[in-house]
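The residues making up each chain are set out below.
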2 protein chains.
Amino acid sequence: MNKQLILKQRPKGMPDDHTWILKESPIPEIHEGEFLIQNHYISLDPAMRGWMNDSKSYIEPVQIGDVMRAGAIGKVIESKHPKFQVGQTVTGWHGVQQYAVSNGENSYPVDDSQVPMTKFLGVLGMPGMTAYFGLMEVGKVQEGDVVVVSGAAGAVGSVVGQIAKIKGCHVVGIAGGKQKCDYLVNTLGFDAAIDYKSQNVFEAIKETCPKGLDVYFDNVGGEILEAALSRLRRHARIVICGAISQYNNLENMKGPRNYMALLVNRATMQGMVVMDYAEKYPQAMQEMAGWMLAGKLQSNESVFEGIENFQETFKRLFTGEKLGKLLLKVID
Amino acid sequence: MNKQLILKQRPKGMPDDHTWILKESPIPEIHEGEFLIQNHYISLDPAMRGWMNDSKSYIEPVQIGDVMRAGAIGKVIESKHPKFQVGQTVTGWHGVQQYAVSNGENSYPVDDSQVPMTKFLGVLGMPGMTAYFGLMEVGKVQEGDVVVVSGAAGAVGSVVGQIAKIKGCHVVGIAGGKQKCDYLVNTLGFDAAIDYKSQNVFEAIKETCPKGLDVYFDNVGGEILEAALSRLRRHARIVICGAISQYNNLENMKGPRNYMALLVNRATMQGMVVMDYAEKYPQAMQEMAGWMLAGKLQSNESVFEGIENFQETFKRLFTGEKLGKLLLKVID
């Protein structure tokens, strides 16, 4: 049987017991030009919260009654497709389910002979690509820049900070809790970390970036975005990648009250969607893999088990109870 | 005697009777390397409200006890400076006063033989330069773009819209009241105008820009900025030039709650300060003067009289009771 997580009802605020329903169906049959994937790992990303709202965005909302959209990685176990062979590892939008049928569109074979499969949902997957293109193309990072990143112990933020270090920047990460902050400085080599749960972020940015900041990579929005805006250097760039503090609170969403700091500092705030850079993924992945092999780019995955634990695991994105990339193992 | 307007007290909210004091002093004597200017017109600009706050900005705040900073234009009436002759027309930061002494720094001679002196505080002055560089260099306007500008009947906005028309754009202006909206469409040639006092701006942008907008030039902030954000096209550019709706309300300043539209639409919000483009002013003024002579660029000045009427006149910036550039004639 195939266990599938179905969107039952659009949540208001944080998803709850009424949001999804777990359904069991027979493992689907494939037709000519298709192949069957057994998913091993499902990617859990903050962006998934946005896909559940019935509003115009960069991607169609998930429809009620559909399998919840998610990135996934697994193995081809049956194939009537000329380009995909049984035994191949494939990643793509294969959804929160144990088995998926694909016609090859939006499915990508990966070579996991050198690195664990899970890396292709994290540092070598969407989060890694988001960090790379957000920092390089939107943030236009330069050697010597002061770079601040929020959600710094997460799948995207942890990579942003490490790439900025590789590029010769002074890097400060904002994360929740001492353990994460220690990880940023001691394991990932950030210059400093700010614990937003115990520190005044405004003051802490002032202390760790006494001359202000050149690039702020924002994953969280809210008051932390305002704190960063208050410390911009001239011609600073703010990369709008996410606003996780606001995703469950759309009706009372906060805008940055001090956005006129953009004027005072001739600064730029720019939004990004990683899919726009799809053509350049292979080149970025190669560079990232090189950094990994050279020991300059580390990554962590928090792996939980069981498709029936999806909802509980998903919440960790917002409570912060995980380190690095959040994954759900769905193969029995 | 020299009548001077002195900053007496920093206002909270809208300036009032306690904000400035009118002082009479003897007309100052000049020393070697200086010249004396008799101001004819004082420029009244929304940015002046910001200069009165004691906070970090792109320019030093006006100090208590100092002459209120303002752009002005007048004639040299006495000179011990080799480069400035009696009878010359000069513009610069000469302040809200009838006579000013200058050593030539930040004073510029202008040739007003072809156009009235007042134009050098408006369309050929800072507001005109702001419109030109904001639209061209920050807005990166292209032929065929849909351009929306707020404060559209003001000194900056009216020029923004006309340059955008010259560049082959579809132009929509947002202004307050039927008279201004008629002026935008019938006199300045905008494609459409939105009266924010009587229309729902969100709906009106939707109607006048059915495919969304490419450039939004913001002079006002607040809910109008939010309405514009809700209708961005992909890769849209928002030029942050001002936020007049918020200047008297700094403590409860509103941020754009839907700034995540920047992400969805891969859009950019960028602040600008016109002084950054000072080196390119001559070239821009030449192009603007050409458009004026060709009848493609019109401008209006609302001139009020008497330095003692400064405060009352200044309020018109915020109530909107003026059309185009607001000036105060201070020569008796």
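Small disclaimer: the values here were computed from a predicted structure and weren't measured.

A. Inspection of the overall build of chain A at higher detail. The helix and strand inventory of chain A stands at 9 helices and 15 strands. Its C-alpha atoms give chain A a radius of gyration of 20 Å, within 12% of the compact-globule value 20 Å for 332 residues. Counting only C-alpha atoms, chain A reaches 60 × 45 × 35 Å along its principal axes. Taking all 332 residues of chain A together, 58% fall into the buried category. Relative to all contacts within chain A whose residues are 6 or more apart in sequence, the contacts with residues 24 or more apart total 66%. Accessible surface, chain A: about 14100 Å² in total, of which carbon and sulfur atoms supply 48%. Separation of charge centres in chain A, based on 34 positive and 36 negative side chains, amounts to 6 Å.

B. Structural context of the packing of helix H2 (residues 126-138) of chain B against helix H8 (residues 281-293) of chain B. Residues and elements named next belong to chain B. One way to put it is that H2 packs onto H8 with a least axis distance of 10 Å and a crossing angle of 95°. Judged by the angle between their axes, H2 and H8 are roughly perpendicular. In contact with Met-126, Gly-128, Met-129, Tyr-132 and Phe-133 of H2, H8 contributes Tyr-281, Ala-284, Met-285, Glu-287, Met-288 and Trp-291. Among the residues making up the contact of H2 with H8, the classes are represented as 9 nonpolar, 1 polar and 1 charged.

C. Focus on helix H2 (residues 126-138) of chain A. Residue and element names in this part refer to chain A. Judged by how many residues are buried, H2 sits mostly within the fold: 10 of 13 residues are covered. Looking only at H2, the buried set comprises Pro-127, Gly-128, Met-129, Thr-130, Ala-131, Tyr-132, Phe-133, Gly-134, Leu-135 and Val-138. Two residues or fewer after H2 comes Lys-140, characterised by a positive phi angle close to 45°.

D. The arrangement of the pairing of strand S4 (residues 72-79) of chain A in detail. Residue and element names in this part refer to chain A. Note: strand S3 (residues 35-44) against S4, 7 bridges, orientation antiparallel. For Tyr-41, the partnering residue across the bridge sits in S4 and is Ile-73. As defined by bridge partners, S4 adjoins strand S5 (residues 89-92) across 4 bridges and the pair is classed as antiparallel. Looking across to S5, one finds that Ile-73 is bridged to Thr-91.

E. Just the packing of H2 of chain B against helix H3 (residues 157-166) of chain B, in detail. All names here are of chain B. Close contact between H2 and H3 brings their axes to 8 Å; oriented N to C, the two are set at 45°. With respect to each other, H2 and H3 are oriented oblique. Between H2 and H3 lies a crossing of right-handed hand. Residues Gly-128, Ala-131, Tyr-132, Leu-135 and Met-136 of H2 form the contact with H3, whose own contacting residues are Val-159, Val-160, Ile-163 and Ala-164. Looking at the contact of H2 with H3 residue by residue, the class counts come to 8 nonpolar, 1 polar and no charged.

F. Region of the structure containing the pattern of salt bridges. Tallied over the full model, the rule gives 20 salt bridges over all chains. Notably, a salt bridge pairs Arg-266 of chain A with Asp-276 of chain B, separated by 2.7 Å at the nearest N-O pair. Of this pair, Arg-266 of chain A sits in the loop between helix H7 (261-264) and strand S13 (268-271) while Asp-276 of chain B sits in the loop between strand S13 (268-271) and H8, which puts the two residues in different chains. Residue Arg-266 of chain A is classed as buried on the basis of its relative accessible area of 6%.

G. Up close: the sheet that holds strand S12 (residues 232-240) of chain B. An order of S10(A)-S9(A)-S8(A)-S11(A)-S12(A)-S13(A)-S13(B)-S12(B)-S11(B)-S8(B)-S9(B)-S10(B) is seen for the 12 strands of this open sheet, with the pairing classed as mixed. Taken across any chain shown, the strands that pair with only one partner, and hence form the sheet edges, are strand S10 (192-195) of chain A together with strand S10 (192-195) of chain B. Put simply, the sheet's adjacent strands are angled 15° from each other on average, direction ignored. Of the strand pairs in this sheet, S13 of chain A and S13 of chain B are connected by 3 bridges, and their pairing is antiparallel. Among the inter-strand pairings, Met-269 of chain A is bridged to a residue of S13 of chain B, identified as Met-269 of chain B. Of the strands in this sheet, strand S9 (170-175), S10 and strand S11 (213-218) of chain B touch helix H5 (residues 201-208) of chain B, which is tilted by about 170° from S10 of chain B.

H. Region of interest: the UniProt feature "domain: Enoyl reductase (ER)" (unreviewed entry) in chain A. Those places that UniProt annotates as "domain: Enoyl reductase (ER)" (unreviewed entry) correspond, in this numbering, to residues 13-328 of chain A. End C-alpha atoms of residues 13-328 of chain A are separated by 22 Å, and the span's content is 26% helix alongside 25% strand.

I. Quick look at unusual backbone geometry. Residue and element names in this part refer to chain B. With a phi close to 65°, Asn-106 is a non-glycine residue in the positive phi region. Turning to its location among the elements, Asn-106 is positioned in the loop between strand S6 (99-102) and strand S7 (107-110). Of the residues examined, Asn-106 reaches a relative accessible area of 44% and is grouped as partly exposed. Not every positive phi belongs to a glycine, and Arg-266 is a case in point at roughly 50°.

J. Summary view of the packing of aromatic side chains. All names here are of chain A. Enumeration according to the criterion identifies 20 aromatic pairs over all chains in this entry. Centroid distance Phe-310 to Phe-314: 5.6 Å. Interplanar angle 25°. Geometry classified as stacked. Residue Phe-310 and its partner Phe-314 are both found in helix H9 (residues 310-319); the two are separated by 4 residues, about one turn of the helix. Judged by its relative accessible area of 1%, Phe-310 is buried.

K. Representation of the interface of chain B and chain A in the model. Across the boundary between the two partners, chain B contributes 34 residues, which contact 34 residues of chain A. Buried area between chain B and chain A, summed over both chains or domains, comes out near 2700 Å², and the portion from carbon and sulfur atoms is 60%. Counting the surface chain B buries against chain A, the share from its top three residues, Tyr-259, Leu-263 and Arg-266 of chain B, is 24%. For the pair chain B and chain A, the interface holds 5 residue pairs in polar contact (both at pLDDT 80 or more). For the side of chain B that touches chain A, the elements supplying multiple residues, two or more each, are helix H6 (222-229), S12, helix H7 (261-264) and S13 of chain B. Tallying contributions element by element places S13 of chain B first for the side of chain B that touches chain A, with 4 residues. Class assignment of the residues belonging to the side of chain B that touches chain A gives a composition of 18 nonpolar, 9 polar and 7 charged.

L. Molecular detail of the relation of the copies chain B and chain A. Each copy of the sequence occupies a distinct position, and chain B is placed on chain A by a rotation of 180° and an axial shift of 0.0 Å, giving an RMSD of 0.0 Å. In symmetry terms, the pair is related by a two-fold rotation axis. No C-alpha of chain B approaches the rotation axis more nearly than that of Gly-255 of chain B, which lies at 2.1 Å. A shared interface surface links the copies, since 100% of the contact residues of chain B are contact residues in chain A too.

What counts and how
- Residues numbered from 1 in each chain as written.
- Chains lettered and ligands numbered in written order.
- Predicted model: local features only at pLDDT ≥ 70, side-chain atom pairs only at ≥ 80, totals over all residues.
- Heavy atoms only, no water.
- Helix = DSSP H or I, 4+ residues; strand = E, 2+ residues; numbered from the N terminus.
- Rg over C-alpha atoms; globule rule 2.2 N^0.38 Å.
- Buried < 20%, exposed > 50% of the residue type's maximum accessible area, 1.4 Å probe, protein only.
- Contact = heavy atoms within 4.5 Å.
- Areas by Shrake-Rupley, 256 points an atom, 1.4 Å probe, with all protein chains shown as cover.
- Lys, Arg positive; Asp, Glu negative; His and termini not counted.
- Charge placed at Lys NZ, Arg CZ, Asp CG, Glu CD.
- Axes fitted to C-alpha atoms, helices over the stretch in contact; angles between N-to-C directions.
- Parallel < 35°, antiparallel > 145°, perpendicular 65-115°, else oblique.
- Nonpolar A, V, L, I, M, F, W, Y, C, P; charged D, E, K, R; others polar.
- Pairing = 2+ DSSP bridges.
- Left-handed = near helix turned anticlockwise from the far one by under 90°.
- Salt bridge = Lys/Arg side-chain N within 4 Å of Asp/Glu carboxyl O.
- UniProt positions renumbered as here; feature names shortened; annotations may be inferred.
- Phe/Tyr/Trp six-rings, centres within 6.5 Å; stacked < 30°, edge-to-face > 60°.
- Buried area = accessible area lost by both parts, 1.4 Å probe.
- Polar contact = N/O pair within 3.5 Å; in protein donor to acceptor, adjacent residues only side chain to side chain.
- Least-squares fit on C-alpha atoms with pLDDT ≥ 70 in both.

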